[in-house]
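Take a look at the letters that make up each chain.
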There are 2 protein chains.
Amino acid sequence: MNVTNIMEDIIQKEIIKNLNQLHMSCTCEHCLSDVLALSLNELPPRYIVNQERSPYVRAIYEADRQGSINILKTISKAAKLVSDNRRCGLTRE
Amino acid sequence: MNVTNIMEDIIQKEIIKNLNQLHMSCTCEHCLSDVLALSLNELPPRYIVNQERSPYVRAIYEADRQGSINILKTISKAAKLVSDNRRCGLTRE
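Chain A appears in an unreviewed UniProt entry as Late competence development ComFB family protein from Lederbergia citrea.

Structure (structure tokens):
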């Protein structure tokens, strides 16, 4: 069974695009993955079956102004939570 | 950034485990992927960052009786929808 949540790609790109404005205390792989996971758990998933339709569905999502504002708000909240409660410090022994 | 929605694995296993009881008119890869995508879009995602924790989080989910009943209800609804509106017929030219 071959499915993809296109929100993973959309949110990952938004995090990278807005990284400077997020003012995170750490931007290591672990912290960014935490922001991505937290954001994905807050936003409705958009699973699709075949990859060919993904640009079509992605375009609809990107054209949805309210959707992108909502994503940015969710990412900023997640970035603050991760910055205030960094877990990566635990893995750097 | 490396994240996984553990619900993908949990629901896929439930679909396979209950395949006979779902009475689907077609169980091809496309139809089963449609059932998985529809079910994942209905249920809250459970994204985690590092793979090592996944057995731990999965165990919590599998111990959650209400959660598994909810999954089965969602899968059965999706299976009926897919069976009544098969898309795979379009791809078999």
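Moving on, there is more to tell.
This next bit is on the overall build of chain A. When helices and strands are tallied, chain A shows six helices and two strands. The linear arrangement of helices and strands in chain A, starting from the amino end, is β-α-α-α-β-α-α-α. A total of 93 residues make up chain A; the buried ones form 45% of that total. In chain A, of all internal contacts separated by at least 6 residues, the share reaching a separation of at least 24 is 83%. Of the accessible surface of chain A, which amounts to about 5300 Å², a share of 54% is contributed by carbon and sulfur atoms.

For the match of chain A to chain B, the screw axis carries a shift of 0.0 Å, the RMSD comes to 0.0 Å, and the turn is 180 degrees. The transformation just described matches what one would write down for a two-fold rotation axis. Residue Pro45 of chain A, judged by its C-alpha, is the member of chain A lying nearest the rotation axis, at 3.4 Å. Of the interface residues in chain A, 100% have counterparts in chain B that sit at the interface too, so the contact is made through matching surfaces.

Here the structure, examined in full by the defined rule, presents 10 salt bridges over all chains. When the shortest N-O distance is used, the salt bridge between Asp9 of chain A and Lys13 of chain A registers 3.0 Å. Highlighted residues: Asp9 of chain A and Lys13 of chain A, both in helix 1 (residues 6–17), separated by four residues, approximately one helical turn. Here Glu42 of chain B and Lys77 of chain B are joined by a salt bridge, their closest N and O atoms 3.9 Å apart. Here Lys77 of chain B lies in helix 5 (residues 65–84) and Glu42 of chain B lies in helix 3 (residues 29–42), a separation of 35 residues in the sequence. Lys77 of chain B carries the same exposure label as Glu42 of chain B, and that label is exposed.

Contacts between chain A and chain B engage 26 residues on the former and 26 residues on the latter. Summing both partners gives a buried area of about 2200 Å² for chain A against chain B, and 58% of it is carried by carbon and sulfur. If you sort the residues of chain A by the area they bury against chain B, Met1, Tyr47 and Val49 of chain A come out on top, with a joint share of 37%. At the boundary of chain A with chain B, the tally comes to zero salt bridges. Summed over the shared surface of chain A and chain B, the result is 13 residue pairs in polar contact (both at pLDDT 80 or more). At the level of elements, helix 1, helix 3 (29–42) and strand 2 (47–48) of chain A are the ones that each hand at least two residues to the side of chain A that touches chain B.

A few words now on the packing of helix 1 (residues 6–17) of chain B against helix 3 of chain B. Residues and elements named next belong to chain B. At a closest axis distance of 10 Å, the pairing of helix 1 and helix 3 adopts a crossing angle of 130 degrees. Compared by their axis directions, helix 1 and helix 3 come out oblique. As for how helix 1 packs across helix 3, the hand of that crossing is right-handed. Residues Met7, Glu8, Ile11, Gln12 and Ile15 of helix 1 form the contact with helix 3, whose own contacting residues are Leu32, Val35, Leu36, Ser39 and Leu40. When the residues that make up the contact of helix 1 with helix 3 are grouped by side-chain class, the tally is seven nonpolar, two polar and one charged.

So, about the environment of Lys80 of chain A. All names here are of chain A. Topologically, Lys80 is positioned in helix 5 (residues 65–84). With a relative accessible area of 53%, Lys80 lands in the exposed category. Sequence spacing of Lys80 and Val35 is 45 residues, and the spatial spacing of their C-alpha atoms is 8.9 Å.

Along the polypeptide, Asn5 of chain A turns up in strand 1 (residues 4–5). Apart from the residues within four sequence positions on either side, Asn5 of chain A is in contact with Leu40, Pro45, Arg46 and Tyr47 of chain A together with Tyr47 of chain B.

What counts, and at which threshold
Positions within a chain are numbered from 1, following the residues in the order the chain's sequence is written. To read the labels, note that chains go from A and ligands from 1, taken in the order they are written. Residue-level local features of this predicted model are given only where pLDDT is at least 70; pairs of side-chain atoms are given and counted only at 80 or more, and the full residue set underlies all totals for whole chains, interfaces and linings. In computing side-chain values, all of the structure's heavy atoms are included and hydrogens and water are not. Here a helix means four or more residues in a row that DSSP labels H or I, a strand means two or more in a row labelled E, and each is numbered from the N terminus. Each residue gets one of three labels from its accessible area relative to the maximum for its type: buried under 20%, exposed over 50%, partly exposed in between, using a 1.4 Å probe on protein chains only. Contacts: residue pairs with any heavy atoms within 4.5 Å of one another. Surface accessibility follows the Shrake-Rupley procedure with a 1.4 Å probe radius. Residue values consider only the protein chains on display as shielding. Copy-to-copy superposition: least squares on the C-alpha atoms, limited to residues that have pLDDT of at least 70 in both copies. Between Lys or Arg on one side and Asp or Glu on the other, a salt bridge is scored when a side-chain nitrogen of the former is within 4 Å of a carboxyl oxygen of the latter. Here the buried area means the combined drop in accessible surface, using a 1.4 Å probe, for two parts upon being joined, counting both sides. Any pair of N or O atoms that falls within 3.5 Å is considered a polar contact. Within protein, one atom must be able to donate a hydrogen and the other to accept it, and sequence-neighbouring residues count only if both atoms are side-chain atoms. Between the N-to-C directions of two axes lies an angle of 0 to 180 degrees, each axis being a line fitted to C-alpha atoms and, for a helix, fitted only over the stretch in contact. Here the angle decides the label: under 35 degrees means roughly parallel, over 145 means roughly antiparallel, 65 to 115 means roughly perpendicular, and every other value means oblique. Handedness of a crossing is defined here by the sense of rotation of the near helix relative to the far one, left-handed for an anticlockwise turn of less than a right angle and right-handed for a clockwise turn. Just so you know the grouping, Ala, Val, Leu, Ile, Met, Phe, Trp, Tyr, Cys and Pro go in nonpolar, Asp, Glu, Lys and Arg go in charged, and all remaining residues, Gly too, go in polar.

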